Amino acid sequence: MTALGAVFRPQLPPERLRDIARLADESALDELWLWEDCFREGGVSTAAAALAWTERVKIGVGLLPVPLRNVAITAMEIASLDRMFPGRAVVGVGHGVQDWMGQVGARVESPVTLLREHLVALRALLRGERVTTDERWRYVRLDDVGLDWAPTAPVPVLAGATGPRTLRLTGEAADGTILTASTTADGVRRARQLIDEGRESAGRGDRGTGTHRVVVYLLTATGPDAARRLRAELADEGLQDVPDLGVAGDAGAVAKAVQRLAEAGADAVILQPTGDEPDPEGFVRFAAEEVRPLVP
């Protein structure tokens, strides 16, 4: 079954999160996703709060920018979340927006190299290994580092990706991939192919094994002025000329768009409201009560 979720966008103030998280938990929604966008809300702090306020729904963080975080801290945070809320935190890491990374003095010359090193070290730490890097590592420096409170079961680490090099890298070094709302169904198919190439190059199994989870955001507008709000957001992102991107309409239209992404290779589709969504709570109810029953 395709997992269905919604995004709590960080354009909303943090104090709005509790009611929306509880609403998602009480509904049929599978996942609620949070963003660590500069310079709005912290991903780990909001995830911990949302997990504490809920009992069932999975809480995703998409994503933690690796230039901002020492990998040992990332591992400590993820392990703590998993031990307190087993199996319910889904955390992704990624390059971060390079302009934002430059603003805080964290931009690196090779974002792909940094992400590769971070993923390799992070997954090893979460497996309970002690990690020491050598002189071949360019950015990540660890000397006999291990977690005192490592997860008691495997914790998947996802990575955000858009370009071909990073998509292949997620296949090589991550357990799943997060695709942005600028990804069409054809884009999901291309991403799956590149991910599979990366998996094969790393000796991580055959194509189509289903062990690498693909999560994709779907820009979604419903209710009054839905089409106008969708067009405006796509225009703001410079994506107004991309065909078949996003969906505006009723539950049937949204469910069909979700199904297209699922058929293209998405394991989870996360409905992303427009930044000016007038009723965030209503959006979660719409996703859970009207769209979820229509998605196999």
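Residues numbered from 1 in each chain as written. Predicted model: local features only at pLDDT ≥ 70, side-chain atom pairs only at ≥ 80, totals over all residues. Heavy atoms only, no water.

Undergrad: Looking at this model, I keep getting lost on helix α7 (residues 185-201). Mind explaining?
TA: At 3.6 residues per turn, the α-helix brings residues three or four places apart onto the same side. Along its 17 residues, α7 runs 25 Å from first to last C-alpha, staying within 8% of the 24 Å computed at 1.5 Å per residue. Count one or two residues on from α7 and you reach Gly-203, which has phi positive near 65°. (Helix = DSSP H or I, 4+ residues; strand = E, 2+ residues; numbered from the N terminus. Expected span 1.5 Å × (residues − 1).)

Undergrad: I keep staring at the side chain of Glu-233 and nothing clicks. Help me out?
TA: Looking at where Glu-233 falls in the secondary structure, it is placed in helix α8 (residues 226-236). If near-sequence neighbours (up to four positions away) are discounted, Glu-233 is found in contact with Arg-9, Leu-219, Gln-272, Pro-273, Thr-274 and Gly-275. (Contact = heavy atoms within 4.5 Å.)

Undergrad: Explain the packing of helix α9 (residues 251-264) against helix α10 (residues 280-291) here, please?
TA: Each pair of packed helices can be summarised by the angle the axes make with each other and by the distance between the axes. Close contact between α9 and α10 brings their axes to 10 Å; oriented N to C, the two are set at 80°. If you check the angle between α9 and α10, you find them roughly perpendicular. Each of Ala-251, Val-254 and Ala-255 in α9 lies in contact with α10, whose residues at this interface are Phe-286, Glu-290 and Val-291. Split into classes, the residues belonging to the contact of α9 with α10 amount to 5 nonpolar, no polar and 1 charged. (Axes fitted to C-alpha atoms, helices over the stretch in contact; angles between N-to-C directions. Parallel < 35°, antiparallel > 145°, perpendicular 65-115°, else oblique. Nonpolar A, V, L, I, M, F, W, Y, C, P; charged D, E, K, R; others polar.)

Undergrad: I tried to follow the side chain of Ser-27 on my own but got confused; where do I start?
TA: The topology assignment puts Ser-27 in the loop between α1 (17-26) and β2 (31-34). By relative accessible area, Ser-27 is classed as buried at 19%. Once residues lying within four places of it in the same chain are set aside, the contact partners of Ser-27 are Arg-56 and Ala-288. (Buried < 20%, exposed > 50% of the residue type's maximum accessible area, 1.4 Å probe, protein only.)

Just distances and angles here, no functional claims.
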